[in-house]
Amino acid sequence: MSKLTDVSKRILIGSALRSDRLAETLLPKRIALPVFASDPLSSVAYAPGEVLMVLSIAGFSAFHFGPWITLAIVVLMITVVASYRQNVRAYPSGGGDYEVATVNLGPRAGRAVAGALLVDYVLTVAVSVAAGVDNLGSAIPFVSENKVGVALSIIALLTVMNLRGVRESGTVFAVPTYLFVLAVLGTIAWGAFRWFVLGDTMKAPSADYQVLAEQGDLAGFALIFLLLRAFSSGCAALTGVEAISNGVPAFRRPKSRNAATTLALMGGLAVTMFCGIIALALATDVKMSETPAKDILIDGRPAGPDYHQDPVIAQVSAAVFGDGSVPFLFLAAITALVLFLAANTAYNGFPVLGSILAQDRYLPRQLHTRGDRLAFSNGIVLLAVFAGALVYAYDSDSTRLIQLYIVGVFVSFTLSQTGMVRHWNRHLAEERDPAARRRMLRARVINAFGAFFTGLVLVVVLITKFAHGAWVALIGMAVFYAMMTAIRRHYDRVAEELALPREAEREEMARPSRVHSIVLVSKIHKPTLRALAYAKLVRSDVLEALSVNVDPEETRALREEWNRRDLDVPLKTLDSPYREVTRPVVEYVKGLRRSNPRAVISVYIPEYVVGHWYEQLLHNQSALRLKGRLLFTPGVMVTSVPYQLESSERARLRARRRSEWSAPGAVRRGSVGPTGPTGPTGTTGPGGRDRAGDERAE
């Protein structure tokens, strides 16, 4: 079974890589861009639609506010990109927002940022995959009818690809991401050419539909609130910007410069694509609604539950190229693919952040360990489990999932930029070089404006999205914060207990006054005699055998056999009127400790070693219970004395034959044959055993 599991693992994720090959996994900028920036680049597939859907609450007439909301989002995106360029230069170690907040604002702020980012990474996978399924469903009805199953399958596939390693997965993801960028830019260019040069009238498939306003004509505070909500929904276009600051160690040298360049490229492309899609959506009269079944009117009647509302990018593509045309189908397919791959931003951010948090003792240490392919495998799997649970709980509904989105990322944005302001204040107090001070002052202004703007957006997001699902994200952040605090407290407590004492406390390290050894006996057989012989080698101050009187007849027979064999170890019997075994032994050991606190009690437990897991269920259950209780008793050492049964020997030989058969070069050397390993003479014993080899082993 273990061999089959190992083969399956190698097929899925590839052969293991040596630790000294870690440098080979570093990314050039052309690969780093699709790996870390696919999330904000792909957000143009759903962020424009979120803006238009919120504006539809006031009817189609409110869509004329779209350009102003777009402008505000563009200014915010430029601000965030410029701010994070300062981050990656100042903190290139990969801690990103978490490191900035922890160093400059304290551990509590660091944990708050970490919890926000972890939640945001999980939502990035869930939203990207759900949005990809929506886009694919616009061309393939089967996908729209089985959204949850398809989404979970995509998450599983992405998990396997990332388990193969960052560089390998990045190479696979690069081509679709670049094709998506070219396709979107081509759509914008061709649409602009048709509109401005040819003077064509382009109409989206929903252009002739009507949007029924949910709340009628809004004015005053209600309109302002609606516009703020539309702005906060469109801010989904900024998610993933922080991933580059967390992934700086994955870049080739010079790491900071390459990361800053990648940020600038990502920002420029994202702004261009977002503005172009919004402009074409408004020019082609795209109609969107949060509840299309009842608020989209076709020929004066509600569209009904069977109506499938295509995403904005699909409707724009249909207007520019023609519904069902080759360019339309290509853009639909590549958009769905890149949305699936956009989750890769989180697959690179979550495990790295989890590793840093584990190193700081805020998460289990297993998350700090790299897997066979030098990726943080445990973090990748954990992210997939969380994202899959969200997709299942929300029926892979991207509109519902996106309401939970962006709260976490703006918490991290705000605290990170605030921390950067304090970072520059600290360095400016020590710096005397005029040129360096000018650079720092410029960077501080950028980060201060970023902190103010993102903080303002965070307030807007919390106010406008809280009742629509943002409260779930806040609960998730609080749970992560509490969990990290508890884990750190546990690790600190364990470290304090395990720390070596100071000179003044050396008396605690004094040798025990005596060693009292106990061999547990149920009957006299080979395991018992082996345990007695091993215990004698330790030369304890006191050595005794201990049995529990559960059945008087068996106890009497044990004593008679003990005396007949004239064993030179005294046998003590404990009465157990309720036929318990564990409690009398534990109470006896505790009594010895109370009578002599400086003594060490060493308990030897004979155990059988069997060859099959199901045989283990038939043996050693009392031993397991005893060990479980005694391990929590101070001053008690528990030693298992194994006795190998014949089935365990057969299991050992099977394992030996498997390892020799699968050893590298075994077939070429002629050391194995079809029936098993062969000796120098080429003969095998019964069952394929090597007689000569066994004699040498003897």
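If you're wondering where the values come from, they're calculated on a predicted model, not measured in any experiment.

Q: Just checking my understanding: could you explain the side chain of Thr-454 for this structure?
A: On the secondary structure map, Thr-454 appears in helix 20 (residues 434-465). What Thr-454 contacts, discounting residues up to four positions off in sequence, is Leu-76, Val-80, Phe-410, Phe-413 and Thr-414.

Q: What's the story with the confidence of the model for the protein chain in this structure? I'm lost.
A: Interpretation of the predicted coordinates at a detailed level should be avoided for regions scoring low in pLDDT. Scored by pLDDT, the protein chain comes out at a mean of 79, with 80% of its residues at no less than 70. Predicted confidence is poor over residues 1-11, with pLDDT under 50, and the contacts of this stretch with residues over four places away or in other chains come to 8 contacts. Within the model, pLDDT remains below 50 along residues 661-698, and this stretch shows 44 contacts once partners closer than five positions in the same chain are excluded.

Q: How should the sheet that holds strand 6 (residues 571-575) be read in this particular structure?
A: Sheets are built from strands paired through backbone hydrogen bonds, the pairs being either parallel or antiparallel. Taken in spatial order, the 5 strands line up as 6-5-4-7-8 in an open sheet, and their pairing is parallel. The sheet is open, and its two edges are formed by strand 6 and strand 8 (636-644), each paired on a single side. With strand direction ignored, the average angle separating the axes of adjacent strands in the sheet is 30 degrees. Here strand 7 (residues 600-609) pairs with strand 8 via 9 bridges, running parallel. What sits directly across from Ile-605, in strand 8, is Ser-640. Across the sheet, helix 23 (residues 552-565) lies against strand 5 (542-549) and strand 6, angled at about 170 degrees from strand 6, the strand it touches most. Together, strand 4 (515-520), strand 5, strand 6, strand 7 and strand 8 form the strand contacts of helix 24 (residues 582-595), whose direction differs from that of strand 5 by roughly 150 degrees.

Q: Can you walk me through the sheet that holds strand 1 (residues 210-211) in this structure?
A: Taken in spatial order, the 3 strands line up as 1-2-3 in an open sheet, and their pairing is antiparallel. The sheet is open, and its two borders are formed by strand 1 and strand 3 (301-302), each paired with just one other strand. In terms of strand pairing, strand 1 meets strand 2 (residues 296-298) through 2 bridges, oriented antiparallel. The residue of strand 2 that forms the bridge with Val-211 is Ile-296.

Q: What should I look at first to understand unusual backbone geometry in this one?
A: Glycine aside, the phi torsion of most residues is negative, and most peptide linkages are trans. Between Arg-253 and the following residue, Pro-254, the backbone shows a cis peptide bond with an omega angle of -5 degrees. A positive phi angle is found at Asp-395, which is not glycine, with a value near 55 degrees. With respect to the element layout, Asp-395 can be found in the loop between helix 17 (377-393) and helix 18 (398-401). Residues other than glycine seldom take positive phi values, yet Asp-566 does so here, at roughly 55 degrees. Assignment of secondary structure puts Asp-566 in the loop between helix 23 and strand 6. In this structure Asp-566 comes out as exposed when scored by relative accessible area, which is 65%.

Q: Would you mind showing me how to read the nonpolar core here?
A: As a rule of thumb, soluble globular proteins bury nonpolar side chains together. With 140 residues, the main nonpolar core has Leu-76, Val-125, Val-129, Tyr-347, Leu-357 and Phe-410 as its most contacted residues. With 17 residues, helix 6 (residues 107-137) is the single largest residue contributor to this core.

Q: I tried to follow the packing of aromatic side chains on my own but got confused; where do I start?
A: Aromatic ring pairs: the centre-centre distance and the angle between the two ring planes describe each pair. This model, assessed by the stated rule, comprises 7 aromatic pairs. Ring centres of Tyr-209 and Tyr-307 lie 6.1 Å apart, and the angle between their planes is 75 degrees; on these two criteria the pair is classed as edge-to-face. Of the two residues, Tyr-209 is situated in the loop between helix 9 (166-198) and strand 1 and Tyr-307 in the loop between strand 3 and helix 14 (312-321); the sequence distance between them amounts to 98 residues. On the basis of relative accessibility, which here comes to 22%, the residue Tyr-209 falls in the partly exposed class. Every member of this aromatic cluster is reached through a ring pair, and the members are Tyr-84, Phe-410 and Phe-413. Note that Arg-488 overlies the ring of Tyr-362, its terminal NZ or CZ placed 5.2 Å from the centroid.

Q: I keep staring at helix 24 and nothing clicks. Help me out?
A: Turn by turn, an α-helix covers 3.6 residues, leaving residues three or four places apart pointing in a common direction. In a regular helix each residue adds 1.5 Å, so 14 residues correspond to 20 Å; helix 24 covers 20 Å between its end C-alpha atoms and thus fits that length. For helix 24, the complete set of buried residues consists of Thr-582, Pro-584, Val-585, Val-586, Tyr-588, Val-589 and Leu-592.

Q: It is not clear to me how the pairing of strand 6 should be interpreted in this structure. Could you clarify?
A: Every other side chain in a regular strand lies on the same face of the sheet, so the side chains alternate between the two faces. Of the pairings in the sheet, the one linking strand 5 to strand 6 comprises 5 bridges and is parallel in character. Residue pairing in the sheet places Leu-546 in a bridge with Lys-572 of strand 6. Since strand 5 and strand 6 lie parallel, the crossover through helix 23 that links them has a hand, and here it is right-handed.

Q: Just to check I follow, could you spell out the pairing of strand 5 for this structure?
A: Here strand 5 lies mainly inside the structure; 7 of its 8 residues are buried. Here 5 bridges tie strand 4 to strand 5, and the two strands are oriented parallel to one another. Looking at the pairing, Val-519 lines up with Ala-545 of strand 5. Read from strand 4 through helix 22 (residues 526-537) to strand 5, the crossover connection turns out right-handed.

Q: Can you walk me through the pattern of salt bridges in this structure?
A: Once their charged atoms are close, side chains differing in charge can pair, the charge on each being opposite to the other. Under the defined criterion, the tally for this structure stands at 11 salt bridges. The salt bridge partner of Arg-488 is Asp-492, with a shortest N-O separation of 3.0 Å. A residue pair is termed a helical-turn pair when its members lie 3 or 4 positions apart in one helix, as Arg-488 and Asp-492 do in helix 21 (residues 470-498) at 4 residues. Here Arg-564 ties to Glu-561 by a salt bridge, and the two come within 2.8 Å at their closest N and O atoms. One end of the pair, Arg-564, and the other, Glu-561, are both in helix 23, 3 residues apart, so they sit about a helical turn from each other. Arg-564 gets classed as exposed once you look at its relative accessible area, which sits at 58%.

Cut-offs used in this document
Residues numbered from 1 in each chain as written. Predicted model: local features only at pLDDT ≥ 70, side-chain atom pairs only at ≥ 80, totals over all residues. Heavy atoms only, no water. Helix = DSSP H or I, 4+ residues; strand = E, 2+ residues; numbered from the N terminus. Contact = heavy atoms within 4.5 Å. pLDDT = per-residue confidence, 0-100. Pairing = 2+ DSSP bridges. Axes fitted to C-alpha atoms, helices over the stretch in contact; angles between N-to-C directions. Buried < 20%, exposed > 50% of the residue type's maximum accessible area, 1.4 Å probe, protein only. Core = buried A, V, L, I, M, F, W, Y, C linked by side-chain atoms within 4.5 Å. Phe/Tyr/Trp six-rings, centres within 6.5 Å; stacked < 30°, edge-to-face > 60°. Lys NZ or Arg CZ within 6 Å of the ring centre and 35° of its normal. Expected span 1.5 Å × (residues − 1). Right-handed = clockwise from strand over helix to strand, strands pointing away. Salt bridge = Lys/Arg side-chain N within 4 Å of Asp/Glu carboxyl O.

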